[in-house]
Amino acid sequence: MTVLSAYLASLETAAAAAEQAEVDFRRETEARAAVLANARAHAYRRSNLMATLATLAEGAETPELAVAAVQAHLRVRLGWDDMSDARDAVLSRFAPVALALFAAAHPVEPGSGSSDADQEPDPAAALAAFENWYSETRESPFWYLFEHYIPETPRVDY
């Protein structure tokens, strides 16, 4: 091998290494962007759903009615017309979130004799506990349930 051919081979090696570095960088960037996009989507789903559920809980007269309203909204929002044991479990495990939203919207006066007056309601902790439970039992985030595609239905005029 001559000095010139060795030099040209080293340039080709450097070019191939630069190309591989670019490919690796693009793959890492795309993977990171996908992770961030997924996190963003879940954050907006969480924000939008919880805002709606907070309004329902705030408008309820009792904690039981708040739980019923929140669970009914979840069923509608998720398209759960038919119930199953798994869906019942999700709704019952979501009840503490509804109760925390109700408690946050309807604070109990200190000194009112209620044991709840000493505890600050924490909807964030209740939602985090639910999300952890869901993730552990279903091996996917709760927010994936909101990714199903609902096709447009044609309107028929008679």
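Data block above holds the structure.
Only a predicted model underlies this, so the values are computations on that prediction, with no experimental measurement involved. (Residues numbered from 1 in each chain as written. Predicted model: local features only at pLDDT ≥ 70, side-chain atom pairs only at ≥ 80, totals over all residues. Heavy atoms only, no water.)

**Q** I tried to follow the pattern of salt bridges on my own but got confused; where do I start?
**A** Pairing of side chains with opposite charge becomes possible as their charged atoms draw close. For the structure shown, the criterion picks out four salt bridges. For the salt bridge of E22 with R26, the shortest nitrogen-to-oxygen distance reads 2.8 Å. Of this pair, E22 and R26 both sit in helix α1 (residues 3–59), separated by four residues, roughly a single helical turn. Residue R46 pairs with E131 through a salt bridge whose shortest N-O separation is 2.8 Å. Within this pair, whereas R46 is found in helix α1, its partner E131 is found in helix α4 (residues 123–138), the two being separated by 85 residues in sequence. Here R46 falls in the partly exposed class, since its relative accessible area comes to 28%. Residue classification places E131 among the buried positions, given a relative accessible area of 17%. (Salt bridge = Lys/Arg side-chain N within 4 Å of Asp/Glu carboxyl O. Helix = DSSP H or I, 4+ residues; strand = E, 2+ residues; numbered from the N terminus. Buried < 20%, exposed > 50% of the residue type's maximum accessible area, 1.4 Å probe, protein only.)

**Q** Would you explain helix α3 (residues 85–105) in this entry?
**A** Because each turn of an α-helix spans 3.6 residues, side chains separated by three or four positions in sequence point in the same direction. Taking 1.5 Å of rise per residue, 21 residues should cover 30 Å, and α3 covers 30 Å from first to last C-alpha, within 8% of that figure. Largest kink in α3: about 30 degrees, centred on A95, with the proline P96 one to four residues after it. Three or more residues of α3 are buried, namely V90, L91, F94, A95, V97, A98, A100, L101 and F102. Those residues of α3 hidden inside the fold are in contact with α1, α2 (63–78) and α4. (Expected span 1.5 Å × (residues − 1). Bend = angle between axes of the 7 residues up to and from the residue. Contact = heavy atoms within 4.5 Å.)

**Q** What should I look at first to understand the nonpolar core in this one?
**A** In summary, soluble globular proteins display a tendency toward joint burial of nonpolar side chains. Of all hydrophobic cores here, the largest spans 28 residues; its most connected members are F94, V97, F130 and F142. Sorting the residues of this core by element identifies α1, α2, α3 and α4 as the ones contributing at least two each. Considering every element that reaches this core, the biggest residue donor is α3, with nine residues. (Core = buried A, V, L, I, M, F, W, Y, C linked by side-chain atoms within 4.5 Å.)

**Q** Help me out: how do you make sense of the environment of M50 in this one?
**A** Checked against the element boundaries, M50 lands in helix α1. On the basis of relative accessibility, which here comes to 13%, the residue M50 falls in the buried class. With 77 residues separating them along the chain, M50 and L127 place their C-alpha atoms 9.2 Å apart. Among all residues touching M50, those that are not within four sequence positions of it are F94, V97, L101 and L127.

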